[in-house]
Amino acid sequence: MTFDFIVIGAGISGASVAEALAGHGKVALLEAETAPGYHTTGRSAALHTPHYGGPLVRAINSLSRDFFHNPPDELCETPLLSRRGALGLAGPGHEAALDDVLALSTAADPVVPVSPAEALELAPYMRPDRIAAAVLEPGVCDIDVAAFHQGYLKRFRKQGGELRTAFRVDNLTRSEGVWHVSSAQETLTAPVIVNAAGAWADQIGQMAGLRPIGLVPKRRTAIMVDLPDGLDASHNPVIDFAGVANYIKPEKGRLMVSPGDETPMEPQDVQPDEFDIAVLVDWLERETTLKVRRIGHSWAGLRCFVADQAPVVGFDEDTDGFFWLAGQGGFGIMMAPALADLGKCLIVDGRFDERIKAAGVSAGDLDPARLRA
Ligand SMILES: Cc1cc2nc3c(=O)[nH]c(=O)nc-3n(C[C@H](O)[C@H](O)[C@H](O)COP(=O)(O)OP(=O)(O)OC[C@H]3O[C@@H](n4cnc5c(N)ncnc54)[C@H](O)[C@@H]3O)c2cc1C
C-alpha cells in the first residue's frame, strides 16, 4: 500500500505529528506493540511544568501552552490540564539552592517563596525539621495523558489516517523515490517517513543506513505508596527537593515517588530495579513521617536524550525523505503540540515555524545535523 507519509511509533510524538500530517495527505501510523502508548508515553509523571528543562525546552513548552489550555475541537471532552502546583523544599543548609528556582519566575508562571509552616500544610506528610525554606510554583499542572494521546489518535483516524498496531518495522529501504517500510508480514511505501520510535529511534535510523544521532535511553523509576487512612493529599502539590533528584507527586490516597534516576539502558521494555526501589523507600521514610507497608505499583520508563538534551526535529541530511522526531527526554508530553506543529511545517511546507523562531529557537538548534558536526 502506498501512503504520502508513514510515521513509525504511535507514542505521543508519533500520534501528534501523524494527526498534524493527516490533513495534508494519506498517512499510516505504525506501532510495534498491540496498543499505542505502551512505552514511555504510558509511563510518565504526567506533569506540565513550565520551568522544567533547559532554555530551549522551556521555549518549546511555552508554545504548547495555548494548545493545552484550549485544545482543538473533538480532541477531548474534559480539560487536558488540572491545577497541581509544585513545592520546592530545601533542608537546612540547602536554602540557597531555591534562589535558582525563584530566578525562573515570570508573570505568566510565577514562583513565590512560602514559609516552612505553609509548606508543611501543603505537604502534611513531611518531617518539619526537613523544611528550612520553600518555594511554590502554582502554575504546574497535571496532564490527562491518556485523553491527550487518545484524542490525537481519534482526530487522526477521523481525518482518514490509518493506525496499524502490531506492525514492528524491521526493514527500511529506499528506491525510486520512495521508502519501503516492512514488518514480518507486510511492506508499505511512502516518499516520506517520520521516525518517532522513542528509545528505538537510532535503531530505525540504522535500518535506513543512517548515522546515529547518539540517542541514550535513560531509565526513570516510579513507585506508588499508600497514604495513611484519612490523609487525602490528592490536591496537594508535587514536591521537588533541593540537592536531590527525588520527587513526590500526590494522587488520590497515594503518593507517586521517584528517585529521578537516569540510568543509561539499551532500548527495551524497561522494568524497575529492586535495589533502586529499596533505596528510594529508605529515603522516603527518612524524609517523611510515612511508613511504607506495601508498594502498590512500580514501573520504569525510558527518557531519551541526545548530547545537548534538546529534541531532534528535522530531515536527515544524508538521504531523502527521512524525518527525525526524537530525543524528547523528560518533556515529550508537554512539548508534543509544538513539536508536531513544527514537524508538519518542515515536512509539508519545508519551512521552520515562525512562532518557534519568535520564541528564540532556530532550525539549527533542533536539526539532526548538529549532532554529527
Ligand atoms: C518516569 C517518567 C516521567 C516522565 N514525566 C514526564 C512529565 O511529567 N511530563 C512530560 O512532558 N514528559 C514526561 N516524561 C517524558 C515523556 O513520557 C516522553 O518524552 C514521551 O512519552 C516520549 O514519547 P515518544 O512518543 O517519543 O516515545 P514512546 O512513547 O516510547 O513511543 C515510541 C513508540 O515507538 C514504537 N516503536 C519502536 N520501534 C518500533 C518499530 N520498529 N516499529 C514500530 N513501532 C516502533 C514503540 O513501541 C513506542 O510505542 C516522563 C518519562 C518518564 C519515563
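Residues numbered from 1 in each chain as written. Predicted model: local features only at pLDDT ≥ 70, side-chain atom pairs only at ≥ 80, totals over all residues. Heavy atoms only, no water.

With respect to the helices, strands and loops of the structure, Arg303 is situated in strand E19 (residues 295–305). Under the relative-accessibility criterion, Arg303 is labelled buried at 9%. At a separation of 3.0 Å, a polar atom in the side chain of Arg303 contacts the side chain of Glu262. Setting aside residues up to four positions removed in sequence, Arg303 forms contacts with Tyr52, Val216, Pro217, Lys218, Arg220, Glu262, Gly329 and Gly330. (Helix = DSSP H or I, 4+ residues; strand = E, 2+ residues; numbered from the N terminus. Buried < 20%, exposed > 50% of the residue type's maximum accessible area, 1.4 Å probe, protein only. Polar contact = N/O pair within 3.5 Å; in protein donor to acceptor, adjacent residues only side chain to side chain. Contact = heavy atoms within 4.5 Å.)

For the rest of this paragraph, the subject is the confidence of the model for the protein chain. Looking at the protein chain as a whole, the pLDDT averages 96, with 100% of positions reaching at least 70. At the low end of the mean pLDDT range in the protein chain sits helix H9 (residues 354–358), at 88; at the high end sits strand E1 (residues 5–8), at 99. (pLDDT = per-residue confidence, 0-100.)

Once that is clear, we can look at the site of the ligand. Around the ligand there are 36 residues in total, and Ser13, Glu31, Thr41, Leu47 and Met334 lie nearest to it. One nitrogen or oxygen atom from the main chain of Ala45 is found 3.0 Å from a nitrogen atom belonging to the ligand. A distance of 2.9 Å is found between an oxygen atom of the ligand and a backbone nitrogen or oxygen belonging to Leu47. Elements with a contribution of two residues or more to the shell around the ligand: helix H1 (12–22), E19 and helix H8 (332–349). Of the residues belonging to the shell around the ligand, the class tally is 17 nonpolar, 13 polar and six charged. Shared between two domains, the shell around the ligand holds at least three residues of each, these being domain 1 (5–74 + 144–214 + 308–371) and domain 2 (86–138 + 216–305). (Near = heavy atom within 4 Å. Nonpolar A, V, L, I, M, F, W, Y, C, P; charged D, E, K, R; others polar. Domains from an automatic or database assignment.)

As a further point, take the pattern of salt bridges. Summed over the entire model, instances satisfying the criterion amount to 26 salt bridges. Where Asp142 meets Arg84, a salt bridge forms, and the shortest distance between an N and an O atom there is 2.8 Å. Taken as a pair, Asp142 in strand E8 (residues 141–143) and Arg84 in the loop between strand E4 (81–83) and strand E5 (86–90) lie far apart in primary sequence, 58 residues in all. Summarising the burial analysis for this pair, Asp142 and Arg84 share the class buried. Across the pair Asp276 and Arg219 runs a salt bridge, and its minimum N-O distance is 3.2 Å. Of the two residues, Asp276 is situated in helix H7 (residues 274–287) and Arg219 in strand E14 (residues 216–226); the sequence distance between them amounts to 57 residues. Several salt bridges share partner residues, and in doing so they unite Arg211, Asp316, Glu317, Asp318 and Arg372 into one network. (Salt bridge = Lys/Arg side-chain N within 4 Å of Asp/Glu carboxyl O.)

With that out of the way, let us pick up the environment of Val361. Structurally, Val361 can be placed in the loop between H9 and helix H10 (363–366). Its relative accessible area of 2% is what places Val361 among the buried residues. A sequence separation of 302 residues divides Val361 from Ala59, and the C-alpha atoms of the two residues are 7.2 Å apart. Apart from residues no more than four positions distant in its own chain, Val361 is found in contact with Leu56, Ala59, Ile60, Phe352, Ile356 and Leu366.

Turning our attention to the domain arrangement of the protein chain. With domains assigned, the protein chain is organised as domain 1 (5–74 + 144–214 + 308–371) and domain 2 (86–138 + 216–305). Just the C-alpha atoms count here: the centres of domain 1 and domain 2 sit 29 Å apart. Facing the 24 residues of domain 1 at the interface are 26 residues of domain 2. Here domain 1 meets domain 2 over a buried area of about 1900 Å², counting both sides, of which 54% is carbon and sulfur. (Buried area = accessible area lost by both parts, 1.4 Å probe.)

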